[in-house]
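Structural description and commentary
Chain residues, written in single-letter form:
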Amino acid sequence: MYKSVIFPRLRFPCPAGSFGWAPVLTTAGLFFLIGFVTWLNGPLISFVRVAFSLSDVGAFLVPLVFYLSYLIFALPAAKIAQRTGLKLGFSLALATMGGGTALFGQFIADRSYSGALTGLLIIGAGLSLLQVTVNPYVSLLGPHDRAAQRIAIMGLCNKCAGIAAPVVLAAWAMNNIGTVAEEARHAAAGPEREAILSNFAHAIYWPYLIMAALLILASGAVMMSGLPDLTPTEPALAKSSSFRFTPRLRGGIVTTFIYVGIEVLAGDAIGTYGQGFGLPLDQTRFFTALTLAAMMIGYAGGLLIVPRFISQERCMALSCLFGVTLSVAAFCTQGHVSILCVALLGLANAMIMPGLFPMAIRNAGSHVPTASALLVMAFSGGAFTPQLFVLLKPLFGFQETFSALAILSYGVVLAYSLRFSNALR
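Here is what the cut-offs are and how they apply
- The numbering scheme is per chain: residues are counted from 1 as the chain's sequence reads.
- Selection of residues for local features in this predicted model requires a pLDDT of at least 70, selection of side-chain atom pairs for listing and counting requires 80 or more, and totals for whole chains, interfaces and linings are taken over all residues.
- Only heavy atoms go into the side-chain values, all of them from the structure, while hydrogens and water stay out.
- Segments assigned H or I by DSSP are reported as helices when at least four residues long, segments assigned E as strands when at least two residues long, and all are numbered from the N terminus.
- The rule is simple: take the accessible area with a 1.4 Å probe, protein chains only, and divide by the maximum for that residue type; under 20% is buried, over 50% is exposed, in between is partly exposed.
- A contact between two residues is defined here by any heavy atoms of the two lying within 4.5 Å.
- Only the protein chains shown count as covering a residue, and every accessible area follows the Shrake-Rupley method with a 1.4 Å probe.
- Take the number of residues in a helix, subtract one, and multiply by 1.5 Å to get its expected span.
- Grouping buried Ala, Val, Leu, Ile, Met, Phe, Trp, Tyr and Cys residues that are joined through side-chain atoms within 4.5 Å yields what is termed a nonpolar core.
- To count toward a patch, a residue needs a relative accessible area above 30% and no salt bridge. Like charges then connect within 9 Å, nonpolar side chains (Val, Leu, Ile, Met, Phe, Trp, Tyr) within 5 Å.
- Here, a salt bridge means any Lys or Arg side-chain nitrogen found within 4 Å of an Asp or Glu carboxyl oxygen.
- In this scheme, the bend at a residue equals the angle between the axes fitted to the seven residues that finish there and the seven that begin there.
- Throughout, an axis means a line fitted to C-alpha atoms (over the contacting stretch in the case of helices), and angles, computed between N-to-C directions, take values from 0 to 180 degrees.
- Working rule for angles: under 35 degrees goes down as roughly parallel, over 145 as roughly antiparallel, 65 to 115 as roughly perpendicular, anything else as oblique.
- Put simply, Ala, Val, Leu, Ile, Met, Phe, Trp, Tyr, Cys and Pro go in the nonpolar bin, Asp, Glu, Lys and Arg in the charged bin, and everything else, Gly too, in the polar bin.
- Each residue gets a pLDDT score, which is the predictor's confidence in that residue and runs from 0 to 100.
- When the centres of two rings from Phe, Tyr and Trp lie within 6.5 Å, Trp using its six-membered ring, the rings pair. Their planes under 30 degrees apart give stacked, over 60 give edge-to-face, and anything left gives tilted.
- Left-handed is the label given to a crossing in which the near helix is rotated counterclockwise from the far helix by less than a right angle, and right-handed is the label when the rotation is clockwise.

Looking only at helices and strands, the protein features 21 helices and zero strands. Out of the 425 residues belonging to the protein, those deemed buried represent 56%. Across the protein, contacts joining residues at least 24 apart in sequence account for 84% of those joining residues at least 6 apart. Summed over all atoms, the accessible surface of the protein reaches about 16700 Å², with 68% contributed by carbon and sulfur.

Below is the structure:
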């Protein structure tokens, strides 16, 4: 029944489905690009805080604008995808991301924070188009009970890029961030201080210009690829009485909103969390990579055990319980141990979305793109939870606020998992 991937005697089920490995590997490459662009936000928060002398609230406009774009552009992206088809939609998404990346780098170098945020919004528009097509595409590449395996492969590529991106940016453009912050703090207000910050901001120009060029090249490569078209034939966004906001979909939208918020918080805010213990910027700039490394381990483990030893729904529920345990441990410990608990939330998070997304769109039929667009809109939870964290932490303390948000979030995801995994039996 199953083909072994590497070791025939292990009879490891092949997640590629009847279309083979080519479309899986192609979409995995897209997820690598998504990860590289998306997970730069963590170190960017520290970067813009220094380069533009911002408060935490101002610096956290980076994830706010980036993830807010999912709320704004997801449904228009679904309409575009319906018109263009799968392959052209992928290509257009990558080209849009490339344009936004180039604008972001240029505006940062020009010391225009509002312009840079506009570039992030355009990147998010491209990602909305990519996400609204690529997530259901992966889910539909094979049998439903192998969907978590395929999404885990995508997650491995996404988080591998996510680990590399903060390290590359930190080493290339932020290698002296601690020194710059000190020099700017002690420099007299005026031309001297402005020159220090301007030189620091300009260091990000070439990394982003190179990323923009790679995204444009990837856009052309996708256009020339032979990806199968799995888009449903019925116009998914046409007005139809057959499309209903079922309890499964409604709950999935709310749960996705809450889950993405805590995933982004664990990845993007871990540097700010570490600074709460008095750790220097030269250390905290790398902390996002720790969370993503933990997620990679979680994806690899999920790929091995789901569904051979455990169903993707049960794995999702156990992941939530593990997340609650780590959140309590982060609150009860201090310093590097507490930061390690936050980083290990990546391990808990890894197998939540691979179970959540297929669970939410199941039984959507030809309306999968519509359901997918609504779920992608819910990715905007990544805009609001980090902002909630920075607004509440001065009132209640950074550990208390982080742990409370995390425990509440995992509790909601667990409740959804228990409710609708029972419905699958």
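There is more to say, and it comes next.
Glancing now at helix 1 (residues 21-38). Its 18 residues give helix 1 an end-to-end C-alpha distance of 25 Å, which sits within 8% of 26 Å, the value for a rise of 1.5 Å per residue. Inspection of helix 1 places Pro 23, Val 24, Thr 27, Ala 28, Leu 30, Phe 31, Leu 33, Ile 34, Gly 35, Phe 36, Val 37 and Thr 38 among the buried residues, and these make up the whole buried set.

For the rest of this paragraph, the subject is the nonpolar core. Of all hydrophobic cores here, the largest spans 133 residues; its most connected members are Leu 44, Phe 47, Leu 94, Ile 108, Ile 204 and Tyr 259. Looking at this core, the element that brings in the most residues is helix 6 (residues 113-139), giving 12 residues.

The next subject is the side chain of Thr 256. Looking at the secondary structure, you find Thr 256 in helix 11 (residues 247-268). Beyond its immediate sequence surroundings of up to four residues, Thr 256 is in contact with Met 353, Leu 356, Leu 375, Ala 378 and Phe 379.

Together, Val 168, Trp 172, Trp 206, Ile 210, Leu 214 and Leu 217 give the surface a local cluster of nonpolar side chains, amounting to about 640 Å² of exposed area. Ranked by residue count, the leading element in the nonpolar patch is helix 10 (residues 205-223), at four residues. Structurally, the position occupied by Leu 214 is in helix 10.

Here we come to helix 20 (residues 381-396). An α-helix turns once per 3.6 residues; consequently, residues spaced three or four apart project the same way. With 16 residues, helix 20 should cover 22 Å at 1.5 Å per step; its first-to-last C-alpha distance of 21 Å lies within 8% of that length. By the largest-angle criterion, Val 390 marks the main kink of helix 20, which is about 25°, and a proline, Pro 394, follows within four residues. Within helix 20 the residues assigned to the buried category are Gly 381, Gly 382, Ala 383, Thr 385, Pro 386, Gln 387, Phe 389, Val 390 and Lys 393. Positive backbone phi, approximately 100°, marks Gly 397, located one or two places after helix 20.

Packed helices, taken two at a time, are described by the angle between their axes plus the distance between the axes. Two numbers describe how helix 2 (residues 41-51) lies on helix 4 (residues 61-84): the axes approach to 9 Å, and their chain directions differ by 135°. The angle between helix 2 and helix 4 falls in the class oblique. Residue-level inspection shows Asn 41, Leu 44, Ile 45 and Val 48 of helix 2 in contact with helix 4, the latter providing Val 62, Pro 63, Phe 66 and Tyr 67. In the contact of helix 2 with helix 4, the residues fall into seven nonpolar, one polar and no charged.

The final tally for this structure, using the stated rule, is three salt bridges. A salt bridge links Asp 56 to Arg 49; the shortest N-O distance between them is 2.8 Å. Its salt-bridge partner being Lys 393, residue Asp 56 comes within 2.8 Å of it at the nearest N-O pair. Here Asp 56, found in helix 3 (residues 56-59), pairs with Lys 393, found in helix 20; they are 337 residues apart in sequence, far enough to count as distant.

Positive phi outside glycine occurs at Ser 53, with the angle close to 55°. Structurally, Ser 53 is set in the loop between helix 2 and helix 3. Ser 53 sits in the partly exposed class, given a relative accessible area of 39%. For Arg 111, which is not a glycine, the phi torsion comes out positive at approximately 65°. Tracing the backbone shows Arg 111 in the loop between helix 5 (86-109) and helix 6.

Bringing the confidence of the model for the protein into the picture now. Taken over all residues, the pLDDT of the protein has a mean of 82, while the share at 70 or more is 87%. Counted against residues more than four places away or in other chains, residues 1-12, with its pLDDT under 50, gives 19 contacts. Of the regions scoring below 50 in pLDDT, residues 232-241 engages in 19 contacts with residues more than four places distant in sequence or in other chains.

With that out of the way, let us pick up the packing of aromatic side chains. Inspection of every chain in the model, using the stated rule, returns 16 aromatic pairs. Geometrically, the ring pair formed by Phe 104 and Tyr 208 is tilted, given 4.8 Å between the ring centres and 45° between the ring planes. Residue Phe 104 is found in helix 5, and its partner Tyr 208 is found in helix 10; the two are separated by 104 residues along the sequence. Relative accessible area serves as the criterion here: at 3%, Tyr 208 is assigned to the buried category. With a centroid separation of 4.9 Å and 85° between ring planes, the pair formed by Phe 277 and Phe 398 is classed as edge-to-face.

Right, let's talk about the packing of helix 11 against helix 20 for a bit. One way to put it is that helix 11 packs onto helix 20 with a least axis distance of 7 Å and a crossing angle of 55°. Viewed along their axes, helix 11 and helix 20 adopt a mutual orientation that is oblique. Handedness of the helix 11/helix 20 crossing: right-handed. Residues Phe 257, Val 260, Gly 261, Ile 262, Val 264 and Leu 265 of helix 11 lie in contact with helix 20, whose contacting residues are Gly 381, Gly 382, Phe 384, Thr 385, Pro 386 and Phe 389. Here the contact of helix 11 with helix 20 is built from residues that sort into eight nonpolar, four polar and no charged.

This part takes up the side chain of Ser 219. Looking at where Ser 219 falls in the secondary structure, it is placed in helix 10. Of the residues examined, Ser 219 reaches a relative accessible area of 8% and is grouped as buried. If near-sequence neighbours (up to four positions away) are discounted, Ser 219 is found in contact with Ser 91, Leu 94 and Ala 95.

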